[in-house]
Amino acid sequence: QQQVKQSPQSLIVQKGGISIINCAYENTAFDYFPWYQQFPGKGPALLIAIRPDVSEKKEGRFTISFNKSAKQFSLHIMDSQPGDSATYFCAASGYNYGQNFVFGPGTRLSVLP
Amino acid sequence: SQTIHQWPATLVQPVGSPLSLECTVEGTSNPNLYWYRQAAGRGLQLLFYSVGIGQISSEVPQNLSASRPQDRQFILSSKKLLLSDSGFYLCAWSAGTTSNQPQHFGDGTRLSIL
């Protein structure tokens, strides 16, 4: 029940296209869903996060869509750029987990110029 | 603003040698602190977390240990390294006041065991 599933494992998108990464969870106690971006040799950096009281959150070219009934959430990157090429991790946490996150396995995104 | 520092950035150690990785946080008090390991091309595995000085929780049984001698200092140690200890070690912090706070990561230590 602690697992967070993430797909696809890897994704190749042309410059200017839309990148979509999906995550699913089982534990209904989760109530905080961040996305992290990691470049090679660096630590993950918080990109955007959502709580289940809203169905969508947008920050610049990055949007999280959240479907509470389906227990799914996704990251959309609009107008994808080569600089967006990185590994993306979704995560989930909840009150019963304190500050502990459960991370998805990651998606390696490559944006072709 | 808050910053997190990890060192060293890279480390090559022989099997059976000891290990000490250090992480410090600046600009905040009473943070929650975390150690993660990331295998090549893989996700993040939580190793230890701490909610206060001297308070350490272990998530997986292993050859490693953690200590928090000061509020903003977190140390990952081993008495004898194994080949399987190779990986990318990440320290992270989050605000300790309420739940559902983001975690902020350092730039990691690449550990290679020979």
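Look a little higher up for the structure.
This section reports on the structure supplied with the text.

About the thresholds
- Residues numbered from 1 in each chain as written.
- Chains lettered and ligands numbered in written order.
- Predicted model: local features only at pLDDT ≥ 70, side-chain atom pairs only at ≥ 80, totals over all residues.
- Heavy atoms only, no water.
- Core = buried A, V, L, I, M, F, W, Y, C linked by side-chain atoms within 4.5 Å.
- Buried < 20%, exposed > 50% of the residue type's maximum accessible area, 1.4 Å probe, protein only.
- Helix = DSSP H or I, 4+ residues; strand = E, 2+ residues; numbered from the N terminus.
- Contact = heavy atoms within 4.5 Å.
- Salt bridge = Lys/Arg side-chain N within 4 Å of Asp/Glu carboxyl O.
- Nonpolar A, V, L, I, M, F, W, Y, C, P; charged D, E, K, R; others polar.
- Patch = residues over 30% accessible without salt bridge, like charges linked within 9 Å, V, L, I, M, F, W, Y side chains within 5 Å.
- Areas by Shrake-Rupley, 256 points an atom, 1.4 Å probe, with all protein chains shown as cover.
- 1 Å grid on protein atoms, 1.4 Å probe; cavity = no way out; pocket = protein on both sides within 12 Å on 5 of 7 lines; lining within 4 Å.
- Points joined across faces, edges and corners; volume = space filled by probe spheres on them.

Residues and elements named next belong to chain A. Counting residues in each nonpolar core, the largest one holds 25 residues, and the members touching the most others are V4, F33, W35, F73, L75 and Y88. For this core, the elements supplying multiple residues, two or more each, are strand 2 (10–14), strand 3 (19–25), strand 4 (30–38), strand 5 (45–50), strand 7 (62–67), strand 8 (72–77), strand 9 (86–94) and strand 11 (107–112). Looking at this core, the element that brings in the most residues is strand 9, giving four residues. When residues no more than four places from it in sequence are discounted, the contact partners of L75 are S19, I20, I21, W35, L47, I48, F62, T63, I64 and Y88.

The accessible area lost on association of the parts is a frequent measure of interface size. Contacts between chain B and chain A engage 24 residues on the former and 22 residues on the latter. In this structure, the connection of chain B to chain A is made through one salt bridge. The salt bridge involving D107 of chain B is made with K42 of chain A; its shortest N-O contact spans 3.6 Å. At the level of elements, strand 4 (32–38), strand 5 (44–52) and strand 9 (87–94) of chain B are the ones that each hand at least two residues to the side of chain B that touches chain A. Among the elements that make up the side of chain B that touches chain A, the one with the highest residue count is strand 4 of chain B (four residues). Looking at the side of chain B that touches chain A residue by residue, the classes come out as 10 nonpolar, 11 polar and three charged.

Looking now at the side chain of S50 of chain B. Residue and element names in this part refer to chain B. Following the sequence through the fold, S50 ends up in strand 5. In this structure S50 comes out as buried when scored by relative accessible area, which is 0%. Look past the residues within four positions of S50 in its chain and what remains in contact with it is P31, N32, L33, Q55, I56, R68 and F74.

This paragraph deals with a nonpolar patch on the surface. All names here are of chain A. There is a patch of nonpolar side chains on the surface, built from I18, I20 and M78 and spanning about 240 Å² of accessible area. Mapped onto the secondary structure, I20 falls in strand 3. You can call I20 partly exposed: its relative accessible area is 37%.

Turning next to the layout of surface pockets. Taken as a whole, the largest pocket holds about 470 Å³ of empty space. Residue lining of the largest pocket: 24 residues in total, with T87 and R108 of chain A together with Q38, G41 and R42 of chain B positioned closest to the centre. Going through the elements one at a time, strand 9 and strand 11 of chain A are the ones with two or more residues in the lining of the largest pocket. For the lining of the largest pocket, the leading source of residues is strand 9 of chain A, giving three residues. Residue composition of the lining of the largest pocket, by class: eight nonpolar, 12 polar and four charged.

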